[in-house]
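Chain and residue survey
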Amino acid sequence: MTIETTLLGTGNPVPAPDRAGAATLVRTPSAHLLVDAGRGVTMRLVAAGVLPVMLDAVLLTHLHSDHICDLNDVITTHWVMSAAPTSLQVVGPPRTAEVVDACLAMLAPDIAYRLAHHDDLTWEPRVEVLEVTGEALAFDRDGTTVRTAATDHRPVEPTVGYRVEHDGASVALAGDTVPCPGLDELCRGADVYVQTVLRDDLVRAIPMPRFQDTVDYHSSVEQAAMTAARSGAGTLLLTHQVPTPAPDAADEWVALAATHFAGRIVWGEDLTRVVC
């Protein structure tokens, strides 16, 4: 294994019983990286064999609630499971520090209760925040690097995607975005390209304007496939599908992508794993 990518949560903002919220685990021989922290993320982490205390960094693509709503659980569990004071690194776009500060403020009563109760817990949660925009080096440790690129999820802005590299292998994690130059650069030659996808035909059939609004700031299945082909990606991994797919719909979604991308296409469900 050089890089192992596990979809922890493939759901969208509408709750589903078998899909946790947006989150992906990327493992290399030297790092455990969590990309986004949607609902149920700590449970899915454990199902993938990783405890929050084992994480080297949390990488946030953007600050929509469905991508960060369980960040507080990651922070708390990382803290209470640590044997000694240990910082959790959180990387994200501008205002990430604001979100982390708000999480810690929300957790203040719980933090006080635990400090009062446990004699061996003498420190508060420690979170180091790095805010990034555009192209940046977000992480570099023992042969694992994480670089960022600007994506386009306007009016949510700025947003970033991440490219994890180790020993010649690479995984691009785009988050929510439409096609854009930053996305093409992020995915160029990547072994695996992980993309949120939307079926615009299905979304437009739902008579609710706020739902139909989602078409203009997510990649459709076809657009994701065109990005994969244009950038020379090896595998397209479909996740965070909008709307929630019917149980027997996978082949139909994959077929739409296959009309534009001749490479490997993997249908994402919770705990789907791809190794490169």
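You'll find the structure just up there.
The text that follows walks through the structure, step by step, so that each part is easy to find. This structure is a prediction, so every number in the text was calculated from the model and none was measured. (Residues numbered from 1 in each chain as written. Predicted model: local features only at pLDDT ≥ 70, side-chain atom pairs only at ≥ 80, totals over all residues. Heavy atoms only, no water.)

**A word on the sheet that holds strand β9 (residues 156-166)**
Strands sit in the order β7-β8-β9-β10-β11-β12-β13 across an open sheet of seven strands; the sheet is mixed. Each end of this open sheet is capped by a strand with a single partner; those strands are β7 (136-141) and β13 (264-267). With direction set aside, neighbouring strand axes in the sheet form an average angle of 25°. In this sheet, β9 lies alongside strand β8 (residues 144-153) in antiparallel orientation, the contact comprising nine bridges. Note on β9: the bridge partner recorded for T144 is H166. Across the sheet, helix α10 (residues 250-258) is in contact with β11 (192-198), β12 (235-242) and β13; its angle to β13 comes to roughly 150°. (Pairing = 2+ DSSP bridges. Helix = DSSP H or I, 4+ residues; strand = E, 2+ residues; numbered from the N terminus. Axes fitted to C-alpha atoms, helices over the stretch in contact; angles between N-to-C directions. Contact = heavy atoms within 4.5 Å.)

**What about the nonpolar core?**
Grouped together as the largest cluster of nonpolar side chains are 26 residues, with contacts concentrated most on L34, L55, V58 and L71. Sorting the residues of this core by element identifies β2 (23-28), α1 (41-47), α3 (71-81), β5 (87-92) and α4 (96-106) as the ones contributing at least two each. In terms of residue count, the dominant contributor to this core is α3 (four residues). (Core = buried A, V, L, I, M, F, W, Y, C linked by side-chain atoms within 4.5 Å. Buried < 20%, exposed > 50% of the residue type's maximum accessible area, 1.4 Å probe, protein only.)

**Observations concerning the pattern of salt bridges**
Summed over the entire model, instances satisfying the criterion amount to 12 salt bridges. Ionic pairing is found between E4 and R273, a salt bridge with its closest N-O pair at 2.8 Å. Remark: R273 occurs in strand β14 (residues 273-275) and E4 occurs in strand β1 (residues 4-9); sequence separation between them is 269 residues. Since its relative accessible area comes to 51%, R273 is described here as exposed. Between D152 and R154 there is a salt bridge, and its shortest N-O distance comes to 2.8 Å. (Salt bridge = Lys/Arg side-chain N within 4 Å of Asp/Glu carboxyl O.)

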